[in-house]
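Structural characterization, general
Chain residues, written in single-letter form:
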Amino acid sequence: MYLYKKILAAYDGSELSQKALRHAVEMTKQNKESELIVVSAVNPTGPMTHPSIYEQIAQSLTEQAQELIEDVKQTLDSLSNNTSTFVIMGNPAQKIVEFADSNKVDLIVMGSRGLGGIRELFLGSVSHNVLQQAHCPVLIIK
Ligand code: ATP
Ligand code: MG
């Protein structure tokens, strides 16, 4: 089996992203040299975002994501491996892929679905786009 030394878990707080995180944690534990990074992306730019309120939205979304990731930190504390968490800003899929590239990540772990509500879709847009654009293997947990 390939050994993934740098694992990136994409976390939006959804049930499947929690499941993906648990998976990533167990994989990381397999080797003491493996490192786990958890990222949560916030995107303040919606179709209705007027530039005058952009800063305000960006700040409140970032605060929410930091709270979300605070719970994750407790899980990560129980690991003896190197771990870190980041809140990144911008289009989630694009930013996750950019982060993975610039940090030379070996594997991205994420859920098949997230917080979005369209049940009929098998794959959410973030996992779809990461899968298409990533330059490393992607593990999609369902
Ligand atoms: P959509 O967003 O297209 O309505 P969805 O919310 O059901 O659909 P995705 O957003 O693609 O599905 O979520 C799939 C997985 O992608 C999640 O389980 C999570 O691992 C990751 N993910 C989604 N959004 C983010 C985000 N903002 N930051 C980090 N990871 C994310
Ligand atoms: Mg989503």
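Residues numbered from 1 in each chain as written. Chains lettered and ligands numbered in written order. Predicted model: local features only at pLDDT ≥ 70, side-chain atom pairs only at ≥ 80, totals over all residues. Heavy atoms only, no water.

By the naming in an unreviewed UniProt entry, the protein is Universal stress protein, taken from Bacillus taeanensis. As its UniProt record puts it under Sequence similarities (unreviewed entry), the protein is described as follows: "Belongs to the universal stress protein A family." (UniProt positions renumbered as here; feature names shortened; annotations may be inferred.)

The subject of this paragraph is the side chain of S34. With respect to the secondary-structure elements, S34 resides in the loop between α1 (15-29) and β2 (35-42). Among the residues examined, S34 registers a relative accessible area of 1% and is labelled buried. At a separation of 3.0 Å, a polar atom in the side chain of S34 contacts the main-chain carbonyl oxygen of Y4. In contact with S34, other than residues within four places in its own chain, are L3, Y4, K5, T28, N81 and N82. (Helix = DSSP H or I, 4+ residues; strand = E, 2+ residues; numbered from the N terminus. Buried < 20%, exposed > 50% of the residue type's maximum accessible area, 1.4 Å probe, protein only. Polar contact = N/O pair within 3.5 Å; in protein donor to acceptor, adjacent residues only side chain to side chain. Contact = heavy atoms within 4.5 Å.)

Our next topic: the pattern of salt bridges. This model, assessed by the stated rule, comprises four salt bridges. E33 is the partner of K5 in a salt bridge, and the nearest nitrogen-oxygen pair spans 3.5 Å. Here E33 lies in the loop between α1 and β2 and K5 lies in the segment before β1 (6-10), a separation of 28 residues in the sequence. We classify K5 as partly exposed; its relative accessible area is 41%. Linking E26 and K29 is a salt bridge whose minimum nitrogen-to-oxygen distance equals 3.3 Å. With E26 and K29 both in helix α1, this residue pair falls three residues apart, about one helical turn. On the accessibility criterion, E26 (41% relative accessible area) is partly exposed. (Salt bridge = Lys/Arg side-chain N within 4 Å of Asp/Glu carboxyl O.)

What follows covers the sheet that holds β1. Taken in spatial order, the five strands make up an open sheet running β3-β2-β1-β4-β5, and their pairing is parallel. Each edge of the sheet is formed by a strand with only one pairing partner; in this case those strands are β3 (82-89) and β5 (138-141). The sheet shows a mean angle of 20 degrees between the axes of neighbouring strands, direction not considered. Contacting β2 and β3, helix α2 (residues 51-77) crosses the sheet at an angle of about 165 degrees to β3. (Pairing = 2+ DSSP bridges. Axes fitted to C-alpha atoms, helices over the stretch in contact; angles between N-to-C directions.)

This paragraph deals with the packing of aromatic side chains. Within this structure, the stated rule accounts for one aromatic pair. Ring centres of F86 and F99 lie 5.3 Å apart, and the angle between their planes is 55 degrees; this geometry places the pair in the tilted category. Remark: F99 occurs in helix α3 (residues 92-102) and F86 occurs in strand β3; sequence separation between them is 13 residues. (Phe/Tyr/Trp six-rings, centres within 6.5 Å; stacked < 30°, edge-to-face > 60°.)

Estimates place the volume of the largest pocket at around 680 Å³. Among the residues making up the lining of the largest pocket, the classes are represented as 15 nonpolar, 13 polar and two charged. (1 Å grid on protein atoms, 1.4 Å probe; cavity = no way out; pocket = protein on both sides within 12 Å on 5 of 7 lines; lining within 4 Å. Points joined across faces, edges and corners; volume = space filled by probe spheres on them. Nonpolar A, V, L, I, M, F, W, Y, C, P; charged D, E, K, R; others polar.)

Looking only at α3, the buried set comprises A93, I96, V97, F99 and A100. For α3, the buried positions fall inside an angular range of 160 degrees around the axis, keeping them on one side. Those residues of α3 that are buried lie in contact with β1, β2, β3, β4 (107-111) and α4 (125-133). Note on α3: the residue one or two positions beyond its end, K104, has a positive phi of about 50 degrees. (Arc of directions from axis to C-beta.)

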